[in-house]
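# Chains, contacts and geometry: an overview
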Amino acid sequence: QVQLVESGGGLVQAGGSLRLSCADSGRSFSTYAMGWFRQAPGKEREFVAAVSRSGGITYYADSVKGRFTISRDNAKNTVYLQMNSLKAEDTAVYYCAARARPISTTQGMGAYDYWGQGTQVTVSS
């Protein structure tokens, strides 16, 4: 069973950095492609980044390319999102998600099977 728990959110000034973590308490973490999504107030949840089961393939939304990095440590059952050069528009609740299949080339919410509860990221300008 997949249970995803995000951590690492908080309040940061524009231009700063945060690293989000998402830990899975199950035993099959390495068999899941993983993704990060975010949802700002009044907006739909949107794709941020995804990583393949081995970590060798990554995808990013255009809005975060060059600033965010997704990675995973299968030995620790954890996926990370390193966020640099944060902007006010990055403010959102960030969710991690797991896909019980190989990484998808399309990154909508329907591509993922399990979701965490989210962690708030607030960037002050």
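In short, a report on the structure.

Criteria and cut-off values
- Residues numbered from 1 in each chain as written.
- Predicted model: local features only at pLDDT ≥ 70, side-chain atom pairs only at ≥ 80, totals over all residues.
- Heavy atoms only, no water.
- Helix = DSSP H or I, 4+ residues; strand = E, 2+ residues; numbered from the N terminus.
- Buried < 20%, exposed > 50% of the residue type's maximum accessible area, 1.4 Å probe, protein only.
- Contact = heavy atoms within 4.5 Å.
- Disulfide = S-S within 2.5 Å.
- Salt bridge = Lys/Arg side-chain N within 4 Å of Asp/Glu carboxyl O.

### Some remarks on the side chain of Ser104
Relative to the elements of secondary structure, Ser104 occurs in the loop between β9 (92–99) and β10 (114–115). Using a relative accessible area of 10% as the deciding quantity, one classes Ser104 as buried. Ser104 has contacts with Tyr59, Arg99 and Ala111, leaving out every residue within four places of it along the chain.

### Quick look at the state of the cysteines
Tallying each qualifying case throughout the model produces one disulfide. With its sulfur 1.9 Å from that of its partner, Cys22 forms a disulfide with Cys96. With a gap of 74 residues between them, Cys22 in strand β3 (residues 18–24) and Cys96 in strand β9 connect regions that are remote in the sequence. Across the pair, exposure class does not vary: Cys22 and Cys96 are buried alike.

### A short note on the pattern of salt bridges
A full pass over the atoms with the stated rule returns five salt bridges. Its salt-bridge partner being Asp90, residue Arg38 comes within 2.9 Å of it at the nearest N-O pair. With a gap of 52 residues between them, Arg38 in strand β4 (residues 33–39) and Asp90 in the loop between β8 (78–83) and β9 connect regions that are remote in the sequence. With a relative accessible area of 6%, Arg38 lands in the buried category. Between Lys65 and Asp62 there is a salt bridge; the shortest N-O distance is 3.2 Å. Judged by relative accessible area, which is 65%, Asp62 ranks as exposed. The network of salt bridges with shared partners includes Arg38, Glu46, Arg67 and Asp90.

Interpretation in functional terms is not warranted from these geometric data alone.
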